Amino acid sequence: RPRVLSGIQPTAGSFHLGNYLGAVRQWVALQETHDAFYMVVDLHAITVPQDPKELRANTRLAVAQLLAAGLDPDRCTLFVQSHVPEHAQLAWVMNCLTGFGEASRMTQFKDKSARHGADRASVGLFTYPVLQVADILLYQADEVPVGEDQRQHIELTRDLAERFNGRFGRTFTLPKAYILKETAKIYDLQDPTVKMSKSASTPKGLINLLDEPKTTAKKVKSAVTDTDTVIRYDVGNKPGVSNLLTIYSTLTGTGVPELEERYAGKGYGALKTDLAEIMVEFVTPFKERTRQYLDDPETLDSILAKGAEKARAVAAETLSQAYDRVGFLPAK
Ligand code: TYM
């Protein structure tokens, strides 16, 4: 079986619809066909200031949401990044292979450091993509299921893997990004030209999966569309309607052309009312399952303990090979 690896940050509390449609939904499907490793990336989270209590709670919450979304610990390896110390260890080695200019060109760093103020951005934030490189290479992943915003980080992973292999001998698998075209970028409901995101979106434009279902319905119904009336998929001219069609189509498994036909001659109101109902039907049981996992911390902990053990077995093997190639003296 080919191997996949991916990660999600715990910082946000609730996952948003972009996280789910862009990434987590694919994770659930891929556990059936791939040897799958999925993690909550708490090391990445502390690249910006975190309250320790909240970080711990949000890490549990992230795991509970992944389980609620359909990850099955019998079908995939689910773990917390800090439980596997090899991530930080390999990241150091990769940091030493990364050019300063190369790291400076990472667009997510540029965006985030602009937001936090260049002087207050941490060195950790700067080397964040290199830690992600280590995450992926440790597992010799063939594919990395993510949204479009992570593509540049996967390219960096390939570059560094090639560099390491070239310098020290074949050690790492070169991974490919696994990005589904339809859901690569889910847009803000209030400003459908920017991606849905915790930091960039207005509260009304952001669908949190753990919002009250009533709130979710309201947000869908007040989504920004356009002054036209035709329901047609056309990202350039009708970004709002196209985004709603993407969401509708993915959640129901109905093709976009079929939806265009179904809503021919009907107004935006009808589309939004139906989509609001579909969203509510999706988030209500999701919220309930998340609560159930949170209410049973012992089960959660034992899932994570097993996951960390399985992940470490793979990660330790790769790290010891990399250490050896680099020329570190084996510890006796
Ligand atoms: P994070 O936590 O920001 O996002 C998790 C996943 O959600 C996707 N995503 C979206 N997809 C479509 N439309 C959107 N509006 C949208 N917003 C977010 C992201 O692309 C991502 O796949 N650096 C990563 C976490 C990470 C990682 C890794 C991923 C750490 N190590 C190793 C893969 C492999 C991040 O911050 O994702």
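All residue numbers here refer to positions counted from 1 along the written sequence of the relevant chain. Totals for whole chains, interfaces and linings use every residue, but because this is a predicted model, local features are given only for residues with pLDDT of at least 70 and side-chain atom pairs only at 80 or more, for both listing and counting. Excluded from the side-chain calculation are hydrogens and water; included are all heavy atoms of the structure.

- The name that an unreviewed UniProt entry assigns to the protein is Tryptophan--tRNA ligase, with the source organism given as Streptomyces prasinosporus.

### Topic: the pairing of strand β1 (residues 3-8)
Walk down a regular strand and you will see the side chains alternate between the two sheet faces.
In step 1: Of all the six residues making up β1, five are buried; the element is thus mostly covered by neighbouring parts of the structure.
In step 2: For two strands to be treated as a pair, DSSP must find no fewer than two bridges joining them. Helix and strand definitions here come from DSSP, where helices need a minimum of 4 consecutive H or I residues and strands a minimum of 2 consecutive E residues; each element is numbered from the N-terminal end. Here β1 runs beside strand β2 (residues 35-40); their pairing, made up of six bridges, is parallel. The partner of Arg3 across the bridge, within β2, is Asp35.
In step 3: The crossover handedness rule: strands pointing away from the viewer, path from first strand over the helix to second strand clockwise, crossover right-handed. Handedness of the β-α-β unit built from β1, helix α1 (residues 17-30) and β2 comes out right-handed. For the exposure calls, accessible area comes from a 1.4 Å probe over protein chains only, and a residue counts as buried if that area is under 20% of its type's maximum, exposed if over 50%, partly exposed in between.

### Concerning α1
In step 1: Expected helix span is computed as 1.5 Å times (number of residues minus one). Here α1 spans 19 Å end to end across 14 residues, near enough to the 20 Å set by a 1.5 Å rise per residue.
In step 2: In this analysis the local bend is the angle between axes fitted, respectively, to the seven residues ending at and the seven residues starting at the residue. Bending of α1 peaks at approximately 40 degrees at the position of Ala23.
In step 3: The element α1 is largely enclosed, with a buried count of 11 among its 14 residues.
In step 4: What α1 keeps buried is the set Leu17, Gly18, Tyr20, Leu21, Gly22, Ala23, Val24, Gln26, Trp27, Val28 and Leu30.

### A short note on the site of the ligand
In step 1: Residues are counted as near a molecule or strand when any one of their heavy atoms sits within 4 Å of it. Lining the immediate environment of the ligand, one finds 28 residues, of which Tyr128, Asp135, Gly147, Asp149 and Ile186 sit closest.
In step 2: Here a polar contact is taken to be a pair of N or O atoms separated by no more than 3.5 Å, where protein atoms must pair a possible hydrogen donor with a possible acceptor and residues adjacent in sequence count only if both atoms sit in side chains. One of the side-chain nitrogen or oxygen atoms of Asp149 is found 2.4 Å away from an oxygen atom of the ligand.
In step 3: Every element with two or more residues in the shell around the ligand is listed here: β1, α1 and α7 (123-138).
In step 4: Here the residues of the shell around the ligand sort into 12 nonpolar, 12 polar and four charged. Amino acids are sorted into nonpolar (Ala, Val, Leu, Ile, Met, Phe, Trp, Tyr, Cys and Pro), charged (Asp, Glu, Lys and Arg) and polar (every other residue, Gly among them).

### As for the side chain of Ser197
In step 1: On the secondary structure map, Ser197 appears in the loop between β5 (176-178) and α9 (213-221).
In step 2: Classification of Ser197 as buried rests on a relative accessible area of 8%.
In step 3: Of note is the side chain of Ser197, whose polar atom sits 3.2 Å from the side chain of Ser199.
In step 4: Here, residues are in contact when the closest pair of their heavy atoms is within 4.5 Å. When sequence neighbours within four positions are dropped, the list of residues in contact with Ser197 reads His16 and Leu206.

### Considering the packing of α9 against helix α12 (residues 268-294)
Relative placement of two packed helices is described by the angle separating their axes and the distance separating the axes.
In step 1: Simply put, an axis is a line fit to the C-alpha atoms, just over the touching stretch for a helix, and the angle between two N-to-C directions goes from 0 to 180 degrees. Close contact between α9 and α12 brings their axes to 8 Å; oriented N to C, the two are set at 150 degrees. Put simply, α9 runs roughly antiparallel to α12. Pair α9 / α12 crosses with right-handed handedness. Across the interface between the two elements, Pro213, Thr216, Ala217, Val220 and Lys221 of α9 pack against Lys272, Thr273, Leu275, Ala276, Met279, Val280, Val283, Thr284 and Lys287 of α12. Orientation categories follow fixed angle ranges, with anything under 35 degrees roughly parallel, anything over 145 roughly antiparallel, 65 to 115 roughly perpendicular, and all other angles oblique. It is the rotation of the near helix from the far one that decides the hand of a crossing: anticlockwise by less than a right angle makes it left-handed, clockwise makes it right-handed.

### Regarding the environment of Gln81
In step 1: As for its position among the elements, Gln81 is in the loop between β3 (76-80) and α4 (86-95).
In step 2: Each C-alpha atom of the pair Gln81 and Ala313 lies 14 Å from the other, and the pair is 232 residues apart in sequence.
In step 3: What Gln81 contacts, discounting residues up to four positions off in sequence, is Met39, Val40, Val41, Asp42, Leu43, His44, His87, Leu131 and Asp135.
In step 4: Of the polar contacts made by the side chain of Gln81, one reaches the backbone nitrogen of Asp42; its length is 3.4 Å.

### Topic: the pattern of salt bridges
In step 1: Throughout this description, the term salt bridge denotes a Lys or Arg side-chain nitrogen within 4 Å of a carboxyl oxygen of Asp or Glu. This model, assessed by the stated rule, comprises 14 salt bridges.
In step 2: For Lys287, the salt bridge is made with Glu212, and the minimal N-O distance between the two is 3.6 Å. Of this pair, Lys287 sits in helix α12 while Glu212 sits in the loop between β5 and α9, and the two are 75 residues apart along the sequence.
In step 3: A relative accessible area of 24% means that Lys287 is categorised as partly exposed.

### Considerations on the side chain of Thr157
In step 1: Within the secondary structure layout, Thr157 lies in helix α8 (residues 151-168).
In step 2: Of the polar contacts made by the side chain of Thr157, one reaches the backbone oxygen of His153; its length is 2.7 Å.

### Things to note about the packing of aromatic side chains
In step 1: Note on aromatic contacts: the rings of Phe and Tyr and the six-membered ring of Trp form a pair at centre separations within 6.5 Å, being stacked when their planes are under 30 degrees apart, edge-to-face when over 60 apart, and tilted otherwise. Going through the model one piece at a time under the given rule, you end up with 11 aromatic pairs.
In step 2: Geometrically, the ring pair formed by Tyr323 and Phe328 is edge-to-face, given 4.8 Å between the ring centres and 85 degrees between the ring planes.
In step 3: A residue is classified by how much of its surface remains accessible, and Phe328, at 39% relative accessible area, is partly exposed.
In step 4: Chaining the aromatic ring pairs together yields one cluster made of Tyr20, Phe282 and Phe286.
In step 5: Charge-over-ring contacts are defined here by two conditions on Lys NZ or Arg CZ: a distance within 6 Å of the ring centre and an angle within 35 degrees of the ring normal. Its end group placed over the ring of Tyr128, Lys112 keeps NZ or CZ at 4.6 Å from the ring centre.
In step 6: Sitting over the ring of Tyr263, Lys266 keeps its end group 5.6 Å from the ring centre.

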